[in-house]
Amino acid sequence: MKNEKVTTIEDRIPKLKQQRKQKANRRMIFYISFFFLLILIIVYFQSPLSDVRTIDIKGNQLIPENIILDRLDFSTDTSYWSVNPKAAESDVQKIVQVESVNVEKVFPNKVVITVTEFEKVAFLTTDGKYLPLLQNGESLPKVSEATVPSNAPILVNWKKEELIKEMAAELTKLSESVRLRISEIHHTPSDNDAKHITLYMNDGFEVQSRITNFAAYMQYYPSIVDKLDGNTNGVIHMSESPRFEAFDIEEEEGEEQTENEG
């Protein structure tokens with residue numbers, strides 16, 4: 001007991017003072033840091049630093065970027081925090097070529113707009129103009145004949161908008177391999193069938209069909225053609241019961257002779 005060291009109150013006071021001073025310093029550093037952080041936040045929100053710096057548009061092939069930018073209610077001069085992605089999506093969705101759109105804010109000052117467009121399924125001819133036709137049946141501004149792809153069906157003699165939309169929907173369901181075989185689709189209504197159509201194929205065959213269930217009928221076209229003699233000309237009737245009707249050879253020869261005499 002005699003060898004134990006006794007710590008007096010006088011010895012402990014300096015240590016207590018030092019501990020209190022350290023706590024006070026830490027508290028001071030915290031308040032100063034918080035104050036400067038608050039100043040930085042205020043400066044950030046009040047300065048161009050919080051504005052949108054970049055608007056990145058992806059997925060657009062048919063739609064020029066300026067068309068999409070014109071639809072937005074914000075620009076690179078707008079505060080990043082005031083951008084409403086849902087409102088922007090609603091605005092861009094109104095463009096006829098847009099099937100879907102996603103707007104995402106990327107901190108600290110970037111907005112990414114990802115667009116999914118309707119595909120072109122055909123070209124519609126009207127008054128000598130070629131109008132790209134989308135999956136949803138909407139047509140785009142005219143293009144010159146030189147820019148019309150040879151692998152896109154051309155719709156001829158189509159007047160009624162509801163029939164054009166129905167045809168576009170059928171072409172959308174049709175496989176690309178079959179669609180690429182079609183050169184022209186003529187609307188050829190009859191007294192008994194207002195939806196009758198005539199197709200001229202790239203392989204030389206003529207097809208008679210209907211708009212309704214067209215995609216379902218045409219899926220059998222490749223297998224039917226494979227069974228035909230390539231030297232035989234005729235009409236393929238694509239309906240619930242597909243059949244081939246060969247042209248009358250004598251009639252063809254008579255027409256050729258008449259043309260030669262003329």
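All residue numbers refer to positions counted from 1 along the written sequence of the respective chain. In view of the model being predicted, local features appear only for residues whose pLDDT reaches at least 70, and side-chain atom pairs are presented and counted only at 80 or more, with totals across whole chains, interfaces and linings using the full set of residues. The basis for the side-chain values is all heavy atoms of the structure; hydrogens and waters are excluded.

## Thoughts on the environment of Q97
Just so we agree on the cut-off: Secondary structure elements follow DSSP: runs of H or I of four or more residues count as helices, runs of E of two or more count as strands, with numbering from the N terminus.
Within the fold, Q97 resides in the loop between helix 3 (85-93) and strand 2 (98-106). It is 7.9 Å that separates the C-alpha atoms of Q97 and E138, two residues lying 41 residues apart in sequence.

## Observations regarding the pairing of strand 8 (residues 196-201)
For the record, the criterion: Each residue's exposure class comes from its accessible area (1.4 Å probe, protein chains only) as a fraction of the maximum for that residue type: buried when under 20%, exposed when over 50%, partly exposed otherwise. Paired strands are those between which DSSP finds at least two bridges.
With five of its six residues buried, strand 8 lies for the most part within the structure. For strand 7 (residues 182-187) and strand 8, the ladder comprises five bridges, and the chain directions are antiparallel. Counterpart to H187 in the pairing with strand 8 is I197.

## Looking at the sheet that holds strand 7
Selection rule: Each axis is a line fitted through C-alpha atoms, and for a helix only the stretch in contact is used; angles between axes span 0 to 180 degrees, taken between their N-to-C directions.
Taken in spatial order, the eight strands line up as 5-4-6-7-8-9-10-11 in an open sheet, and their pairing is mixed. Looking at strand neighbours, the two that pair on one side only are strand 5 (129-134) and strand 11 (243-246), the edges of this open sheet. On average, each strand axis in the sheet is inclined to that of its neighbour by 25°, with strand direction left out of account. Relative to strand 10 (residues 234-237), strand 9 (residues 206-210) runs parallel, the two sharing three bridges. Across the sheet, residue E206 finds its bridge partner in strand 10, namely V235.

## A few points about helix 3
For the record, the criterion: Arc definition: directions from the helix axis to the C-beta atoms. Nitrogen and oxygen atoms within 3.5 Å of one another constitute a polar contact, given that in protein one can donate a hydrogen and the other can accept it, and given that sequence-neighbouring residues count only through two side-chain atoms.
Taken together, the buried positions of helix 3 are A88, E89, D91 and V92. End-on view of helix 3: buried residues confined to an arc of 165°, all on one side of the axis. The backbone nitrogen of K86 has a side-chain oxygen 3.1 Å away, supplied by the residue at the start of helix 3, namely N84.

## Some details on the pattern of salt bridges
The test is simple: Throughout this description, the term salt bridge denotes a Lys or Arg side-chain nitrogen within 4 Å of a carboxyl oxygen of Asp or Glu.
The final tally for this structure, using the stated rule, is eight salt bridges. When the shortest N-O distance is used, the salt bridge between K195 and E166 registers 3.1 Å. Of this pair, K195 sits in the loop between strand 7 and strand 8 while E166 sits in helix 4 (residues 161-173), and the two are 29 residues apart along the sequence. Of the charged contacts in the structure, one is a salt bridge between E170 and K173, with a shortest N-O distance of 3.0 Å. On the criterion of helical spacing, the pair formed by E170 and K173 is a turn pair, its members being three residues apart in helix 4. Of the residues examined, E170 reaches a relative accessible area of 7% and is grouped as buried. Ionic contacts of the salt-bridge type, sharing partners, join the residues E138, E161 and K165 into one network.

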